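This is what each chain is made of:
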Amino acid sequence: MAGAPQAQKQFNYSWEGTDKKGNRVSGKSIGANEDAVKADLRRQGVVPLKVSKGKEIGGGGRAITPLDIAIFARQLATMMKAGVPLVQSFDIVGKGHENPRMQDLIMGVKAHIEGGSSLAESMAKYPLYFDDLFVNLVQAGEQAGALESLLDKIATYKEKTEAIKKKIKKALTYPLTVLGIAVVVTAVLLIYVIPQFEDLFKGFGAELPAFTQLVVNMSHWLIDSGYQLLIIAGGVVGTFMYYHKRSVAFRQWIDRMALKAPVVGDILTKAAIARFARTLSTMFTAGVPLFEALDSVAGATGNIVFSNATLKMKEQVGTGQQLNLAMAQSGLFPNMVVQMIAIGEESGAIDQMADKVADFFEAEVDDAVDNLSALMEPMIMAILGVLVGGLVVAMYLPIFKLGSVV
C-alpha cells in the first residue's frame, strides 16, 4: 500500500475557490505540492483560485512516538464507539492534541479521507507513523464493519509491545549509562588528577610501588595516545553502524549472537516470542487469513532470526502444513508454545491461544528484566569500586610507604 510516492513530504495548504454553484469557498488541505492540492480540489468540484503553501506536516513540536500513535488509536476507537462520525472524530482528537506534529498528522489523514480515500489508504500515505501491520488491521476492520473494535485492539497491541521495548531498553540502558560515566570519571582522573600526584611523588626521592607506577604509566599513555583510542573507538562504532545498516548478513549475525548472549539473550528471545504471539493473535482477531498474517508477524518480531523463521513458516503453511509443525521445525519456540498453538488450531481458537502465550511471555520478560536489574546493581557497584577505588589506593600507596619509612 505504501509505495515510494507515498513517502513524499506533506504540507498544509490554505486555498480559496468557487464551488459548483459559483459560491466563494475556502479551506485547508494536505498535499505534497500545489499541483496535487489543486487536482484534489477539482475532483471535489472546487475551482481553485488561490493556493498558499504552509508548514510541513510534522515540522514542529516534539517527535511522534509509537505511544502517541497508540493513544490516537484508542481515542479514535472511543469516539467511534460513542457514535461520533469518523471525520468529526478526527477533528476532535486532532485539535485537542498537545503535540503540533501529531495535530498535523491527524489533520493530514482527515484531509485524505475527505478527499475520498478510505481510512486505511489515508494512513498508508504516512508509512513512518502507520506501519503495514497497522494499515492492514485498519483495512480488515473497514471491510468487516468493526473498525472501532479493531482500533481498540491495535491500541492494546501497540501499548503492550511498547511496554516490552521499554522494559528491555531500561534493563540495558541503566548499566551501560553507569559504566559509561565510570569510564569518563576514570579518564578524567588519569588525565588531570594522576599527573598532580606524580609531581608530588617526585619530591619523595623514592621508588614508587609497582601498582602506583602502573597507574602512572597508564596516565602517560592516555595523555600521549588518548586521541588514537578515540579514533579507533569512533572507527569501530562507525564501521558497526555502516554494516548494520547495509548488510543483511551482518544484522542477522548480530541478532543471532544477541539471542545467545548470557541473560540478555533469554530476555530477547522471550520478547520476540511475545511479539510473535501478540501479533498473530491480533491479526487473527481481525479476520486476516493465517498465510497473509504471517507477513506482518514476521515484521513485528523485532529480530531477523525470528523474522526469517516466520517467513519460512509461511512457505510451509502455504503448502498445507500446520502452523504448530512449522514452528516446531524452526527450533526457536519452546514446546509449550508449540502445544498451545496446536490446541488453538484444533479448536479453531488460535487467536485466544496466541493471546495467552503473549500474556505469559510478556510476564516472563517483566520478571527477567527485574531480575537482571537486581543482578546488575551489585556488579556495577563492584566495577565502580575497582575502577575508582583502585586509582585512589594507587595514589595513596606511596604516602603509606613514606609514612612507614619515617
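Analysis parameters
- Residues numbered from 1 in each chain as written.
- Predicted model: local features only at pLDDT ≥ 70, side-chain atom pairs only at ≥ 80, totals over all residues.
- Heavy atoms only, no water.
- pLDDT = per-residue confidence, 0-100.
- Contact = heavy atoms within 4.5 Å.
- Patch = residues over 30% accessible without salt bridge, like charges linked within 9 Å, V, L, I, M, F, W, Y side chains within 5 Å.
- Areas by Shrake-Rupley, 256 points an atom, 1.4 Å probe, with all protein chains shown as cover.
- Salt bridge = Lys/Arg side-chain N within 4 Å of Asp/Glu carboxyl O.
- Helix = DSSP H or I, 4+ residues; strand = E, 2+ residues; numbered from the N terminus.
- Buried < 20%, exposed > 50% of the residue type's maximum accessible area, 1.4 Å probe, protein only.
- Axes fitted to C-alpha atoms, helices over the stretch in contact; angles between N-to-C directions.
- Parallel < 35°, antiparallel > 145°, perpendicular 65-115°, else oblique.
- Left-handed = near helix turned anticlockwise from the far one by under 90°.
- Nonpolar A, V, L, I, M, F, W, Y, C, P; charged D, E, K, R; others polar.
- Core = buried A, V, L, I, M, F, W, Y, C linked by side-chain atoms within 4.5 Å.

Trainee: What exactly am I supposed to notice about the confidence of the model for the chain here?
Mentor: Per-residue confidence for the chain averages 82 on the pLDDT scale, and 93% of its residues sit at or above 70. Every residue in residues 1-7 scores below 50 in pLDDT, and together they form 11 contacts with partners more than four places removed in sequence or on other chains.

Trainee: How should a nonpolar patch on the surface be read in this particular structure?
Mentor: A surface patch of nonpolar side chains, about 710 Å² in accessible area, is lined by I181, V185, I383, L387, V388, V392, Y396, I399 and F400. Elements represented by at least two residues in the nonpolar patch include exactly α7 (147-202) and α15 (350-405). Ranked by residues supplied to the nonpolar patch, first place goes to α15 with 7 residues. Examined against the element boundaries, Y396 turns out to sit in helix α15. For Y396, a relative accessible area of 39% translates into the label partly exposed.

Trainee: Teacher, can you tell me more about the environment of V185 here?
Mentor: Relative to the helices and strands, V185 is located in helix α7. The exposure class assigned to V185 is partly exposed, which follows from its relative accessible area of 37%. The sequence separation of V185 and G390 amounts to 205 residues, and the corresponding C-alpha distance is 13 Å.

Trainee: Help me understand the packing of helix α12 (residues 304-318) against helix α13 (residues 323-330), please; the structure alone is not making it clear to me.
Mentor: Two quantities define a packed helix pair, namely the angle between the helix axes and the distance between the axes. At a minimum axis separation of 9 Å, α12 and α13 run at an interaxial angle of 140 degrees. With respect to their mutual orientation, α12 and α13 come out oblique. Crossing handedness for the pair α12 and α13: right-handed. Between α12, through A309, M313, Q316 and V317, and α13, the contact on the second element is made entirely by L323, A326, M327, Q329 and S330. In terms of residue class, the contact of α12 with α13 is made up of 6 nonpolar, 3 polar and no charged.

Trainee: Explanation requested: the nonpolar core in the structure shown.
Mentor: One recurring pattern in soluble globular proteins: nonpolar side chains tend to sit buried together. In terms of nonpolar packing, the biggest core is built from 40 residues, with L280, L323, M327 and F333 touching the most fellow members. At the level of elements, α7, α10 (264-285), α11 (290-300), α12, α13, α14 (335-347) and α15 are the ones that each hand at least two residues to this core. It is α15 that contributes the most residues to this core, 12 residues altogether. Each residue touching F333, except ones within four places of it in the same chain, is listed here: I273, F276, F306, M313, M327 and V338.

Trainee: Just to check I follow, could you spell out the packing of helix α2 (residues 66-81) against α7 for this structure?
Mentor: α7 packs onto α2 with a crossing angle of 155 degrees between their chain directions and a minimal axis gap of 8 Å. With respect to each other, α2 and α7 are oriented roughly antiparallel. Relative to α7, the crossing made by α2 is left-handed. Residue-level contacts link P66, L67, I69, A70, A73, R74, L76, A77, M80 and K81 of α2 to L147, E148, L151, D152, A155, T156, K158, E159, E162 and K166 of α7.

Trainee: Looking at this structure, I do not really get α11. What am I missing?
Mentor: What α11 keeps buried is the set L290, A293, L294, S296, V297, A298 and A300. Buried residues belonging to α11 abut α6 (132-144), α7, α10, α12 and α13.

Trainee: Can you help me understand the pattern of salt bridges in this one?
Mentor: Here the idea is simple: oppositely charged side chains can pair when their charged atoms come close. Taken as a whole and judged by the stated rule, the model has 14 salt bridges. When the shortest N-O distance is used, the salt bridge between E16 and R24 registers 3.4 Å. Take E16: its relative accessible area is 32%, and that puts it in the partly exposed class. Here R24 falls in the exposed class, since its relative accessible area comes to 59%. When the shortest N-O distance is used, the salt bridge between D266 and K270 registers 3.2 Å. One end of the pair is D266 and the other is K270, both in helix α10 and 4 residues apart, which spans about a single turn. The class of D266 is partly exposed, set by a relative accessible area of 38%.

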